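Each chain, written out:
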Amino acid sequence: MGVLEINRLYKRFGHHEVLNGLDMNVPEHSIFGFVGQNGAGKTTTMKIILGLLKPDSGSVTVCGEKVTYGETKTNHNIGFLPDVPEFYGYMNPVEYLKLCGEITGLTKKQIKRKSDELLELVGLKNEKKKIGGFSRGMKQRLGIAQALLNEPKLLICDEPTSALDPIGRKEILDILFAAKGKTTILFSTHILSDVERVCDHIAVLHGGKLVLSGTLSEIKERHRYNGFVLEFENEKTASFFENIGELKRPSISMSRSENTVTVLLSDRGMNGQFLIDLLSQKRIVPLKFAALEPTLENLFMEVVR
Amino acid sequence: MNGYLAFLKKEIFEYTKTYKLMIMLVVFAIFGITNPLMAKLMPEILGSLMTDGIVITIPEATACDAWTQFFKNATQMGFIVMVILSSSVLSSELSKGTLINLLTKGLSRTAVILSKYTCMVLVWTASIALCFGLTYIYTVYLFPSDKISNLLFSVFCLWLFGLFLLAVLLLSSVLSKSSYGCLLITGAIVVACMLVNTIPAAHRYNPISLAADNMGLLTSTIEAHSLYSAMLISSLLSLLCMALSVLIFRKKQL
C-alpha cells in the first residue's frame with residue numbers, strides 16, 4: 001500500500017479543467033518526482049492532498065486515512081514545504097520551530113531536541129537573525145526544517161528549487177536526499193535535472209492526468225532507443241567508420257561530429273553485436289562504445305507533446 | 001486545545017513585536033490622561049480667549065465633563081484605531097501564506113479563529129481598562145466632590161460593544177480577502193446599526209445603544225435596565241458572528 005493514493009481526482013476552476021481523472025500512487029520511502037509544465041496542476045494537486053482545496057470528485061488517502069476538505073486529520077502525517085515559504089518575520093528560527101512544535105503537540109524537550117537537530121541539518125544552527133532578514137534560500141531551508149519537525153510520513157515539497165541559485169539548489173537537493181529513508185518525499189518540479197539527481201520514482205502530469213509514471217530506471221528501460229555512441233581516437237578513423245559499406249543501408253542512420261559517431265538502428269533484428277562484429281572485422285578499437293540513454297528531457301518532450 | 005494555546009501565544013507575541021499592543025495602549029493612555037484634563041482646562045482656555053466686550057458664561061467643569069470626554073474619545077477615535085489595527089488580522093496571514101504552514105501542521109481552523117478573537121478581546125480589555133483607570137484617578141483628583149451614577153455599568157456596556165465590534169470585524173475578515181474589504185464590511189455594519197437607531201422602537205435592541213447611551217446612564221436620564229435587551233442582543237449577535245466565522249473559515253478554499 002502506498003503512503004499516498006489518489007483516485008480519479010477531478011478539479012476545475014471555472015471553465016478550466018485542471019485535473020482530469022488523476023490517479024497516482026506514491027510508494028513508501030521513495031523520492032517521488034512529480035513533474036509537469038507550469039500550470040499543469042501540480043500545486044492544485046498538492047493543495048488538495050493537504051485539504052486546502054476541495055476536489056470536484058475523486059478521493060485522496062494518506063497513510064490509509066481519507067483526506068477531508070477543510071479540517072483534515074491526515075495533515076498530522078504530512079510535512080509541507082510551499083514553493084515560496086512565508087514565516088512570521090518578527091520571529092527567529094528557534095522561535096518559529098517552537099511554535100510549530102507546540103501546534104503539533106510535541107513536548108518542550110522534544111521541540112528542543114528536534115529543532116537543534118533540524119537547524120543543524122539545514123545549516124541554520126547559529127542563525128540568531130529575525131526571519132524577516134532571511135534570503136530566499138535561507139527561508140527555503142527553514143521551510144524544510146519546519147516541514148520535517150513532526151517527523152512526517154510524507155513530505156510534500158512544491159517546487160523547492162525553482163527559485164534558487166545553483167548552490168542553493170544543490171543544498172536543498174542534498175538535504176532532501178538525506179531525509180530519504182526517514183520519510184517519503186513527494187517533490188514537484190519542472191527542472192528535470194533535479195529529478196534525475198535525487199528521485200527514484202517519477203510521474204509526469206499533463207492534461208490533468210499522468211502521462212508517464214514508474215521508477216526512473218524502468219521508464220528509461222521502456223523508452224530505450226536502439227542506438228549507440230562510438231568515440232574514436234581521431235577524426236580520420238571516425239570518418240572511415242562512417243563510410244564502411246556495410247553500414248550504408250536504409251535501416252541505419254548515422255551522424256558524426258568530429259570523432260564521435262552516433263548510430264541509430266531501426267531494424268529490430270539488429271543490435272550492438274552487429275556493430276561490435278563490424279569493428280572487430282575492420283580491426284578498429286573505439287575509445288568508447290555506449291548504448292544511447294534516453295534523457296529525461298527527451299522523454300518529457302515526447303509525452304507532453 | 002494545544003493549537004489554540006500555542007496560536008494564542010503567537011498572537012500575543014505578534015501584538016507586542018509588531019507594536020500593535022503598544023500603539024493601542026499608548027493611544028488609550030493618552031485619552032485616559034487628557035479626558036479629565038481637557039474637561040478641567042477647557043473653560044480656562046475659552047476664558048483666556050475672551051476679550052473685552054464679549055462675555056461668555058462658562059459653567060464650572062464637573063466630573064461629568066471628564067466622562068463625556070472619555071466616552072466620546074473611546075467610541076470615536078478609540079474604536080477607529082482598534083478596527084484599523086485589527087483589520088489585517090486574517091487577510092495579511094492569508095495573502096502572505098504564513099497560515100498555510102501552520103494549518104498543514106494540523107492546526108485546526110477553529111483554533112485560529114478563536115485564538116485571534118481571544119487575543120483581540122484581551123488587547124481591547126487591557127486598553128479600555130487602562131484608559132478607564134487613568135481617567136478615574138485624574139477625575140477623582142481634579143473633581144473630588146462630584147458624584148456619578150452607573151459608572152462601572154456604563155463602561156461595561158462600552159466594553160461589551162467593543163466585543164461585538166471585534167466579532168463583526170472577524171466575520172468581515174473571514175468574508176473578504178483584503179483588509180480594505182474587511183474595513184468596508186465592518187463600517188457598513190456599524191452604519192447600518194446607526195441607521196436602525198433612527199427608529200425609536202429599535203433603539204432598545206440596537207447594539208450601538210451600548211456605546212451611545214453611556215452619558216445618559218451617568219446622569220441617570222437613562223435607566224440601566226433599559227439597556228438589558230441591547231446587551232442580550234449584542235452578546236447573541238457576537239456569538240452568531242463567531243459561529244459563522246468558524247463555519248465559513250472551515251470551508252474556505254485557501
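All of the points below concern the structure found in this document.

So, how was this worked out
- Residues numbered from 1 in each chain as written.
- Chains lettered and ligands numbered in written order.
- Predicted model: local features only at pLDDT ≥ 70, side-chain atom pairs only at ≥ 80, totals over all residues.
- Heavy atoms only, no water.
- Helix = DSSP H or I, 4+ residues; strand = E, 2+ residues; numbered from the N terminus.
- Buried < 20%, exposed > 50% of the residue type's maximum accessible area, 1.4 Å probe, protein only.
- Areas by Shrake-Rupley, 256 points an atom, 1.4 Å probe, with all protein chains shown as cover.
- Lys, Arg positive; Asp, Glu negative; His and termini not counted.
- Charge placed at Lys NZ, Arg CZ, Asp CG, Glu CD.
- Expected span 1.5 Å × (residues − 1).
- Pairing = 2+ DSSP bridges.
- Axes fitted to C-alpha atoms, helices over the stretch in contact; angles between N-to-C directions.
- Parallel < 35°, antiparallel > 145°, perpendicular 65-115°, else oblique.
- Left-handed = near helix turned anticlockwise from the far one by under 90°.
- Contact = heavy atoms within 4.5 Å.
- Nonpolar A, V, L, I, M, F, W, Y, C, P; charged D, E, K, R; others polar.
- Buried area = accessible area lost by both parts, 1.4 Å probe.
- Salt bridge = Lys/Arg side-chain N within 4 Å of Asp/Glu carboxyl O.
- Polar contact = N/O pair within 3.5 Å; in protein donor to acceptor, adjacent residues only side chain to side chain.
- Core = buried A, V, L, I, M, F, W, Y, C linked by side-chain atoms within 4.5 Å.
- Disulfide = S-S within 2.5 Å.
- Phe/Tyr/Trp six-rings, centres within 6.5 Å; stacked < 30°, edge-to-face > 60°.
- Lys NZ or Arg CZ within 6 Å of the ring centre and 35° of its normal.

1. A look at the overall build of chain B
For step 1, the next point in the chain: The helix and strand tally for chain B stands at twelve helices and zero strands.
For step 2, the next point in the chain: Along its sequence from the N terminus, chain B presents helices and strands in the succession α-α-α-α-α-α-α-α-α-α-α-α.
For step 3, the next point in the chain: By its C-alpha atoms, chain B is 75 × 45 × 30 Å across when sized along the principal axes.
For step 4, the next point in the chain: Expressed as a percentage of its 254 residues, the buried residues of chain B come to 49%.
For step 5, the next point in the chain: For chain B, the exposed area adds up to about 12000 Å²; of that, 73% sits on carbon and sulfur atoms.
For step 6, the next point in the chain: Between the mean site of the 16 positive side-chain charges and the mean site of the 10 negative ones, chain B shows a separation of 24 Å.

2. Focus on helix α3 (residues 108-122) of chain A
For step 1, the next point in the chain: Look at α3 of chain A: 21 Å from first C-alpha to last across 15 residues, which is about the 21 Å you get at 1.5 Å a residue.
For step 2, the next point in the chain: Downstream of α3 of chain A by a residue or two, Gly123 of chain A has a phi angle that is positive, lying close to 75°.

3. Description of the pairing of strand β12 (residues 252-257) of chain A
Residue and element names in this part refer to chain A.
For step 1, the next point in the chain: Pairing between β12 and strand β13 (residues 260-265): six bridges, direction antiparallel. Bridging across to β13, Ser257 finds its partner in Thr260.
For step 2, the next point in the chain: In sequence, β12 turns back onto β13 through a hairpin of two residues, with Glu258 there showing a positive phi of about 50°.

4. Some words on the packing of helix α2 (residues 93-104) of chain A against helix α4 (residues 136-148) of chain A
Residues and elements named next belong to chain A.
For step 1, the next point in the chain: Between α2 and α4, the shortest axis-to-axis distance is 10 Å and the interhelical angle comes to 30°. In terms of orientation, α2 lies roughly parallel with respect to α4. Crossing hand, α2 versus α4: right-handed. Together, Pro93, Tyr96, Leu97 and Cys100 of α2 and Leu142, Ala145 and Gln146 of α4 make up the contact between the two elements.
For step 2, the next point in the chain: A breakdown of the residues in the contact of α2 with α4 according to their chemical character gives six nonpolar, one polar and no charged.

5. Considerations on the sheet that holds strand β11 (residues 227-231) of chain A
Residue and element names in this part refer to chain A.
For step 1, the next point in the chain: The strand order β12-β13-β11-β14 describes an open sheet built from four strands, whose pairing is antiparallel. At either margin of the open sheet sits one strand with a lone partner, and together these are β12 and β14 (288-291). Strand-to-strand twist of the sheet, defined as the mean angle between neighbouring strand axes without regard to direction, takes the value 15°.
For step 2, the next point in the chain: Together, β11, β12 and β13 form the strand contacts of helix α8 (residues 235-242), whose direction differs from that of β12 by roughly 165°.

6. A short note on the interface of chain B and chain A
It is common to give the size of an interface as the accessible area that goes away when the parts come together.
For step 1, the next point in the chain: Counting residues at the interface gives 30 residues for chain B, matched by 32 residues for chain A.
For step 2, the next point in the chain: Between chain B and chain A the total buried area reaches about 2800 Å² when both faces are included, carbon and sulfur atoms providing 55% of it.
For step 3, the next point in the chain: Linking chain B with chain A are one salt bridge, by the criterion used here.
For step 4, the next point in the chain: Residues Lys9 of chain B and Glu102 of chain A are paired through a salt bridge, measuring 2.9 Å at the closest nitrogen-oxygen approach.
For step 5, the next point in the chain: Inspection of the region where chain B meets chain A yields eleven residue pairs in polar contact (both at pLDDT 80 or more).
For step 6, the next point in the chain: Counting only elements with at least two residues in the side of chain B that touches chain A, the list comes to α1 (2-17), α4 (91-96), α5 (98-103) and α6 (109-142) of chain B.

7. Observations regarding the sheet that holds strand β5 (residues 65-66) of chain A
For step 1, the next point in the chain: In spatial order, the strands read β2-β1-β4-β5 (chain A); together these four strands make up an open sheet with antiparallel pairing. Two strands bound the open sheet, and with one partner strand each, they are β2 (16-26) and β5 of chain A.

8. Section: the nonpolar core
For step 1, the next point in the chain: Judged by nonpolar contacts, the single largest core of 147 residues is most densely connected at Leu4 and Leu186 of chain A.
For step 2, the next point in the chain: For this core, the element with the most residues is helix α7 (residues 151-175) of chain B, which contributes 17 residues.
For step 3, the next point in the chain: Ala238, Met270, Leu275 and Leu279 of chain A belong to the second-largest nonpolar core, a separate cluster that totals 16 residues.

9. Things to note about the side chain of Ser173 of chain B
Residue and element names in this part refer to chain B.
For step 1, the next point in the chain: Locating Ser173 in the fold gives a position in helix α7.
For step 2, the next point in the chain: In this structure the side chain of Ser173 is engaged in a polar contact, spanning 2.8 Å, whose partner is the backbone oxygen of Leu170.
For step 3, the next point in the chain: Excluding its chain neighbours within four sequence positions, the residues that come into contact with Ser173 are Val89, Leu90 and Cys182.

10. Here's the deal with the state of the cysteines
For step 1, the next point in the chain: Following the criterion strictly, the structure yields zero disulfides over all chains and no others.
For step 2, the next point in the chain: We note that Cys157 of chain A lacks a disulfide partner, and the nearest cysteine sulfur, in Cys199 of chain A, lies 9.9 Å from it.
For step 3, the next point in the chain: Judged by its relative accessible area of 0%, Cys157 of chain A falls in the buried class.
For step 4, the next point in the chain: Of all cysteine sulfurs in the structure, the one in Cys64 of chain B sits closest to Cys131 of chain B, which takes part in no disulfide; the separation is 16 Å.

11. Overview of the environment of Asp116 of chain A
For step 1, the next point in the chain: Note on placement: Asp116 of chain A falls in helix α3.
For step 2, the next point in the chain: Distance from Asp116 of chain A to Phe300 of chain A, taken between C-alpha atoms, is 40 Å for residues 184 residues apart in sequence.

12. Things to note about the packing of aromatic side chains
For step 1, the next point in the chain: This model, assessed by the stated rule, comprises 18 aromatic pairs over all chains.
For step 2, the next point in the chain: Between the aromatic rings of Phe87 of chain A and Tyr96 of chain A, the centroid separation amounts to 4.8 Å while the plane-to-plane angle is 75°, which identifies the pairing as edge-to-face. Considered together, Phe87 of chain A and Tyr96 of chain A belong to a single accessibility category, that of buried residues.
For step 3, the next point in the chain: Residues Phe161 of chain B and Phe164 of chain B carry aromatic rings whose centres are separated by 5.9 Å and whose planes lie at 45° to one another, so their mutual orientation is tilted. Of this pair, Phe161 of chain B and Phe164 of chain B are both found in helix α7, three residues apart, which corresponds to roughly one turn of the helix. Accessibility assignment for this pair places Phe161 of chain B and Phe164 of chain B in one class, buried.
For step 4, the next point in the chain: Through pairs of rings, three or more aromatic residues link up here, namely Phe28, Phe31, Phe79, Trp124, Phe161 and Phe164 of chain B.
For step 5, the next point in the chain: Positioned above the aromatic ring of Tyr15 of chain B, the side-chain terminus of Lys20 of chain B is 5.5 Å from the ring centre.
For step 6, the next point in the chain: In this arrangement the basic side chain of Arg109 of chain B is found over the ring face of Phe249 of chain B, its NZ or CZ atom lying 5.9 Å from the centre.

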